Structure formats: C-alpha cells, structure tokens
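Here's the letter readout for the chains.
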Amino acid sequence: MPADERFAVRRDRARASVPRPLAAAPAPSGVPLPPGLALRGRLATGARRPETPRGSGRGGPGSRPPRTGRGGGPRRIYERARRAWDRPLTAYYVILGSSLLITVLGLVMVYSASMIKALDISKPATYFFGKQFLAAVIGGALMLLAARMPVKLHRALAYPILMVTVFLMVLVQVPGIGMSVNGNQNWLYLGGPFQLQPSEFGKLALILWGADLLARKQDKRLLTQWKHMLVPLVPVAFMLLGLIMLGGDMGTAIILTAILFGLLWLAGAPTRLFAGVLGAAAAIAFLLIRTSPNRMSRLACMGVSEPDPEGGCWQAAHGIYALASGGWFGSGLGASVEKWGQLPEPHTDFIFAITGEELGLAGTLSVLALFAALGYAGIRVAGRTEDPFVRFAAGGVTTWITAQAVINIGAVLGLLPIAGVPLPLFSYGGSALLPTMFAVGLMIAFAREDPAAQAALAMRKPGVRWKTMRRRVKKRPSGER
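Residues numbered from 1 in each chain as written. Predicted model: local features only at pLDDT ≥ 70, side-chain atom pairs only at ≥ 80, totals over all residues. Heavy atoms only, no water.

K.L.:
So, the overall build of the protein: which residues are in play, and what are the values?
P.N.:
Each helix and strand counted, the protein has 19 helices and 3 strands in total. Buried residues in the protein amount to 40% of all 481 residues. In the protein, the share of contacts with a sequence separation of at least 24, taken over all contacts with a separation of at least 6, comes to 68%. When the accessible surface of the protein is summed, it comes to about 27,700 Å², and 63% of that surface belongs to carbon and sulfur atoms. (Helix = DSSP H or I, 4+ residues; strand = E, 2+ residues; numbered from the N terminus. Buried < 20%, exposed > 50% of the residue type's maximum accessible area, 1.4 Å probe, protein only. Contact = heavy atoms within 4.5 Å. Areas by Shrake-Rupley, 256 points an atom, 1.4 Å probe, with all protein chains shown as cover.)

Laid out in structure tokens, this is it:
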C-alpha cells in the first residue's frame, strides 16, 4: 500500500477515536431553549461568545444601566437627611448647637434692643448687655457642669434643689427682703445691680423632683393607681403655684402648670384624670384673671392693631408695628425705631418684635427654626431612652422651653395674652437664663447617656481613632516603611 494511502487511513482512524460533543437538539419554533442546553449547543457548534469591550466588565462604566431620574433629587435628599437624623449623636449635636446659637443671637439682640433703654436711665450703652453676658458665662459653666454630671447625681440633687427653691420663694414674701418689680413681688436683692427671681428655679426644681418621684413609682408599678400618680406630685406643684401667685406672677404660674401637665402626660395619666386636672387649673386661672383688672386688660389686647385712645394695649400694638416694619430682611442691626421709647420692655418680653424689625422675616423664622430643632431633639431623647427618669426629665424640660417660647412669641404676634414671660435663652434676664442653661445641660447629659451615643463618642477620642485607623505596615530590614 502506498505511503499516502496509509497516512489517510491513520488520519481517519484518529478522527473516529475522538468523542464528538452532542449537538443541541433544535428547539421548536417560538420556544426558547433552557440556558444550559443553549450554552451546550453553542459550544458544540463551535460558536464563541462575543468579546466584551474593555472597561465594560464588572465595575466598569458599562456594567450598569444609566441611572434614571426615579429615586433622585428630593427623594435622595430626604433619604440622606433621614439617615443623618438616625445617627446616635444627632440629638446631642442638635441640642448643643441650637441652644448655643439661640444664646449668642440673644446676646446680640439684647445689646441692640437695650442700648437706648440704658442711655435713657443714664447708664452706659452696654449696661444690660454686660449683665446678660456675665449671666451667659455663668450659665455656660452650669450647662457644662450639668452635661458632665451622671444621671444618678442629677437624681440625688432633686430634693435639695426643691427645698432650697421653696425656701427662697418663701423668703421673697418676707417684708424688707423681697422686692417688687413691675407690680410682682417675686425678687430677691443680691446687692449692687443684681437681683434673683427664685420662681424661675422652681421650674427646674419641679422637673427634677417630679421626674425622680414618677420614676421611682414606675419602678414599683404604682403609676397604675391614680392616687399614686397625683400624690404628692400635684400638691407640691400647687404649693409652688401658690407661692408664685402670692407675688402676682401669672406668666410663671402658667409655665409651671404646663410642666405639671407634661409630667402627667408622660406618666400615662388617663384621659378623664388628665381632663379633670386641666379643668380645675382652667377654672382657677379664669377666677384669677376675672378678679384682676390688669389681667383682664391684657386679655382684651389680643389681636389689636392699634392702641385705644386712652393708651391701653400700647405694648401689644407697637409690637405689631415693629414686626410689620421689618419686611423680609429687616432694617438692619441697631436700626430699630420702636426701641426709641415707643415699645416698652424691648429687651425682655418683646425682644422678638425688635428681632423682626431689625432682622426681618428671615431672622424671626431662623429663631423659630432653632427652637423647633431644640424641641424636636428633646422629644427624641425622651422617646428613645429606657430610663424612666431620663424620659420624664427630658420631656419636662422640652415642655418648659417650648411652652414658654410659644407663649412669648404668641403674645408678641397678638395671638395670646401678654403673660410677661421671657423668650428662653434669648431675652434679657439672668434669673431666667441660668436655670434654662442648666436644663439644656441636663438634656445634653441625657443624650450622652444613650449606649449608641457613648460608643460613638468613644470612637471619636484621639487615642481610639489612631489605634483603629492607622495602617499596620511591616518594617523593612532597611528601616524604611
């Protein structure tokens, strides 16, 4: 056999000995093959995958379809804001930041609103500002002290603060010791230009003592009985209200009543019990207002747009004039017209009106936004804690600050009667500023006590950050890294 024929026979035998892959059966028309069979069919027929363009693999620019507009814009902003608000330290920073901003802006407005008043009484233009700045420095120290104190120490101070406050409020009514300011016998003279209003500290005393009392009763499961919920909380609150009303300070009594209702609400008072206490307080308030011509005249000034011919409602009307002349962005710091003797008490009860005149609608809305942020952060602290004392105390402080802000701003806007209460952290008055800043420090301490917040703060310490974030690189024999 010739050599060419022998080579051809060997070639045919070699091809026959190699197992050939099974070809995929053709699919019926319109019926797609399963993925596995389709892949085997392509491999059997020798078909190749189309080459993937460079850069379009996993992680490349062509690996995902283009993002559409769905889920973007306001939705993404909302999701980011929600995630940021859910962080452990959000309430801590919101309380600290908003309270400091309100205090600093209040110092600026106190200086601007009180210059003419100080010159009118033959004092330097910085007279009221200097006193308020000193009170803010002392209040800042109290806020820092309260923020660093543990919760157990706050509970231990509840009874001493209440007893000292009651003693000072009784001392105010002693002739020759107490002082009368604007018809209210609620002040103690401390020497020099300094005075003290003990009723302002009564708000803080009621919150701390009431929160400790309700927390101990809740631990013993006694708050399901109405007598344990009301006694001795309501009698002690009525005692404080009586001492305040002896001096004629209706505004502070209203704030103290709001704090009492806030504590009862947080304690889970039944609706009929809550309504009963509210009805009794409303009846007493109506009687006190009806029997006082001064309070009746304040009630009659709600919603007025101009003073009457006899000079009544002068303060309420000029507060509206100040707000109306401010416009969108105000006339500028120091450019108020109403503070030149037209508006009484421009740096205390009606400082919000001067703020609207000099900073306009933008300034007043900024103040409202800061108070809203402070109140919402306080609600978050009260709602997320497992400690009943923290829940009652944080809720009481939030009720105090928000209720007092609403009453003050509502009176300036003509929506509520003029109660004579200052705007918290903003108006002039050291007696009101000191306990309020201590209460803010109380909420900061509660925000720090959250376990997640403690872990986040521990991670922010310099030593911990260095140990957890530095790269561990082996040292080379040459000493280089």
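Next, the rest of the story.
K.L.:
Which residues make up the pairing of strand S2 (residues 184-191), and what are the values?
P.N.:
When strand S1 (residues 178-181) meets S2, the two strands line up antiparallel, connected through 4 bridges. Opposite glycine 178, over in S2, you have leucine 188 as the bridge partner. Counting the residues that bridge the hairpin from S1 to S2 gives 2 residues, and of these asparagine 182 lies at a positive phi of roughly 55°. What sits between S2 and strand S3 (residues 194-196) in their antiparallel hairpin is a turn of 2 residues, with glycine 192 showing a positive phi close to 70°. (Pairing = 2+ DSSP bridges.)

K.L.:
Before we move on, can you summarise the nonpolar core with the specific residues and values?
P.N.:
Counting residues in hydrophobic clusters, the biggest one holds 107 residues, and the most contacted among them are Ile95, Leu233, Leu264, Phe389, Phe392 and Phe446. With 13 residues, the top contributor of residues to this core is helix H16 (residues 388-412). Non-local contacts of leucine 264, meaning those with residues more than four positions away in its chain, are made with Met229, Leu230, Leu233, Ala269, Phe274 and Val277. (Core = buried A, V, L, I, M, F, W, Y, C linked by side-chain atoms within 4.5 Å.)

K.L.:
Please provide a residue-by-residue account of the packing of aromatic side chains, values included.
P.N.:
The geometry of an aromatic ring pair is captured by two quantities: the separation of the ring centres and the angle between the planes. Taken as a whole and judged by the stated rule, the model has 7 aromatic pairs. Note on phenylalanine 389 and phenylalanine 446: the rings are 6.1 Å apart at their centroids and 85° apart in plane angle, and the pair reads as edge-to-face. Placement of the pair is phenylalanine 389 in helix H16 and phenylalanine 446 in helix H17 (residues 430-449), with a sequence separation of 57 residues. Both residues of the pair, phenylalanine 389 and phenylalanine 446, belong to the buried class. Taken together, the ring pairs connect Tyr111, Phe129 and Phe133 into an aromatic cluster. The residue whose ring lies beneath arginine 391 is phenylalanine 392, and the NZ or CZ to ring-centre distance is 5.2 Å. (Phe/Tyr/Trp six-rings, centres within 6.5 Å; stacked < 30°, edge-to-face > 60°. Lys NZ or Arg CZ within 6 Å of the ring centre and 35° of its normal.)

K.L.:
Quick rundown of a nonpolar patch on the surface? Include the residues and the values.
P.N.:
There is a patch of nonpolar side chains on the surface, built from Trp328, Phe329, Leu361, Leu365 and Leu368 and spanning about 580 Å² of accessible area. Examined against the element boundaries, phenylalanine 329 turns out to sit in the loop between helix H14 (314-324) and helix H15 (351-384). Look at phenylalanine 329 and you get exposed, because its relative accessible area is 66%. (Patch = residues over 30% accessible without salt bridge, like charges linked within 9 Å, V, L, I, M, F, W, Y side chains within 5 Å. Salt bridge = Lys/Arg side-chain N within 4 Å of Asp/Glu carboxyl O.)

K.L.:
Lay out the state of the cysteines in plain terms, naming residues and giving numbers.
P.N.:
Enumeration over the complete set of coordinates arrives at 1 disulfide. Two residues share a disulfide in this structure: cysteine 301 and cysteine 313, whose sulfurs sit 2.1 Å from each other. Because the torsion about its S-S bond is -90°, the bridge between cysteine 301 and cysteine 313 counts as left-handed. Taken as a pair, cysteine 301 in the loop between helix H13 (293-300) and H14 and cysteine 313 in the loop between H13 and H14 lie far apart in primary sequence, 12 residues in all. Relative accessible area serves as the criterion here: at 11%, cysteine 301 is assigned to the buried category. (Disulfide = S-S within 2.5 Å.)

K.L.:
Tell me about the packing of helix H8 (residues 198-219) against helix H11 (residues 250-266), and name the residues and values.
P.N.:
Closest axis-to-axis distance for the H8/H11 pair is 10 Å, and the angle between their directions is 10°. The angle between H8 and H11 places the two elements in the roughly parallel class. Along this stretch, H8 crosses H11, giving a crossing that reads as right-handed. Counted together, Ser199, Glu200, Gly202, Lys203, Leu206, Ile207, Gly210 and Leu214 of H8 and Thr252, Ile255, Leu256, Ile259, Leu260 and Leu263 of H11 form the full contact between these two elements. Tallied by class, the residues present in the contact of H8 with H11 amount to 8 nonpolar, 4 polar and 2 charged. (Axes fitted to C-alpha atoms, helices over the stretch in contact; angles between N-to-C directions. Parallel < 35°, antiparallel > 145°, perpendicular 65-115°, else oblique. Left-handed = near helix turned anticlockwise from the far one by under 90°. Nonpolar A, V, L, I, M, F, W, Y, C, P; charged D, E, K, R; others polar.)

Limitation: the analysis is restricted to geometry and does not speak to function.
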